[in-house]
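Residue strings, one per chain:
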Amino acid sequence: MPKLVLLIQGKPVNEFPLSGDTVTVGRAPDNAVQIADDSVSSHHAELIVESGSYVVRDIGSTNGTKVNNEQLPPNQPRKLVGGEVVKFGGMECRYDSEGKRPSSKPLPPVKAGVDLKTTATRPSTIFQNVSPFKKKVDKSSRTIQLIILLLAVGALGCFLFLLWKFLQMTH
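Residues numbered from 1 in each chain as written. Predicted model: local features only at pLDDT ≥ 70, side-chain atom pairs only at ≥ 80, totals over all residues. Heavy atoms only, no water.

Considerations on the overall build of the protein
The number of helices and strands found in the protein is one helix and 12 strands. Starting at the N terminus and ending at the C terminus, the protein contains elements arranged as β-β-β-β-β-β-β-β-β-β-β-β-α. Counting over 171 residues, the protein shows a buried share of 29%. Within the protein, contacts between residues separated by at least 24 positions form 40% of all contacts whose residues are at least 6 apart in sequence. Summed over its atoms, the accessible surface of the protein is roughly 12,000 Å², and 59% of this surface lies on carbon and sulfur atoms. (Helix = DSSP H or I, 4+ residues; strand = E, 2+ residues; numbered from the N terminus. Buried < 20%, exposed > 50% of the residue type's maximum accessible area, 1.4 Å probe, protein only. Contact = heavy atoms within 4.5 Å. Areas by Shrake-Rupley, 256 points an atom, 1.4 Å probe, with all protein chains shown as cover.)

Regarding the side chain of Asp37
Its location among the elements puts Asp37 in the loop between β4 (33-36) and β5 (45-50). With no salt bridge to any partner, buried Asp37 finds its closest opposite charge in Arg27, at an N-O distance of 7.5 Å. (Lys, Arg positive; Asp, Glu negative; His and termini not counted. Salt bridge = Lys/Arg side-chain N within 4 Å of Asp/Glu carboxyl O.)

A closer look at the nonpolar core
Across soluble globular proteins, you tend to see nonpolar side chains buried next to one another. Counting residues in hydrophobic clusters, the biggest one holds 22 residues, and the most contacted among them are Leu4, Leu18, Val33, Ile35, Leu47, Val56 and Phe88. Of all the secondary-structure elements, those providing two or more residues to this core are β1 (3-8), β3 (22-26), β4, β5, β6 (53-58), β10 (85-88) and β11 (91-96). Once residues within four sequence positions are removed from consideration, Val33 is found in contact with Leu4, Phe16, Leu18, Val23, Thr24, Val25 and Gly26. (Core = buried A, V, L, I, M, F, W, Y, C linked by side-chain atoms within 4.5 Å.)

Focus on a nonpolar patch on the surface
Among the surface-exposed residues, Leu156, Phe159, Leu160, Leu163, Phe166, Leu167 and Met169 lie close enough to one another that they form a single nonpolar patch of about 750 Å² accessible area. Topologically, Leu167 is positioned in helix α1 (residues 139-170). (Patch = residues over 30% accessible without salt bridge, like charges linked within 9 Å, V, L, I, M, F, W, Y side chains within 5 Å.)

Some points on the packing of aromatic side chains
Counting across every chain of the model gives one aromatic pair. A centroid spacing of 6.1 Å and a plane angle of 45 degrees characterise the contact between Phe161 and Trp164, whose relative ring orientation is tilted. Note that Phe161 and Trp164 are positioned in helix α1 at a spacing of three residues, about one turn of the helix. (Phe/Tyr/Trp six-rings, centres within 6.5 Å; stacked < 30°, edge-to-face > 60°.)

Section: the pairing of β3
With four bridges joining them, β3 and β5 adopt antiparallel strand pairing. Bridging across to β5, Val25 finds its partner in Ala45. Pairing of β3 with β4 involves two bridges; the strand directions are parallel. In the sheet register, Val25 faces β4, and the bridge partner there is Val33. (Pairing = 2+ DSSP bridges.)

Here is the structure:
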């Protein structure tokens, strides 16, 4: 059975078996393939069976659909070949046709949707400052900061001196 394999940083995280004449792809829960990511439109694309193979058609999504990094024009179907990478917005899926067998062992069965909040591609900044090692500081930036501080203190000193002289002249 053909399927879409959702990839995060090139690694498979979820599988979507494809069945039926038309398979909808999008962020909304009414899609057969639901990808919960903001870059994916609520109703992004369709996979349609034509002559025994699936074709992909972008249905006017905001961020577009690409096959092997080639942008698809809206509403223009493109035949899929096993192993090709389809990108819905910012999310990549590999199309595995029924004749193509992956070289690694199959993934365990998973639910049809994916919550990308738990499989985020970018780490949270919560742990940004917990390293026991001190962050290297560029010495040139410290020198610039010191020069700016000295100039500011000097300027303040000059202002106060001039203010003091002015007040002496008025008395």
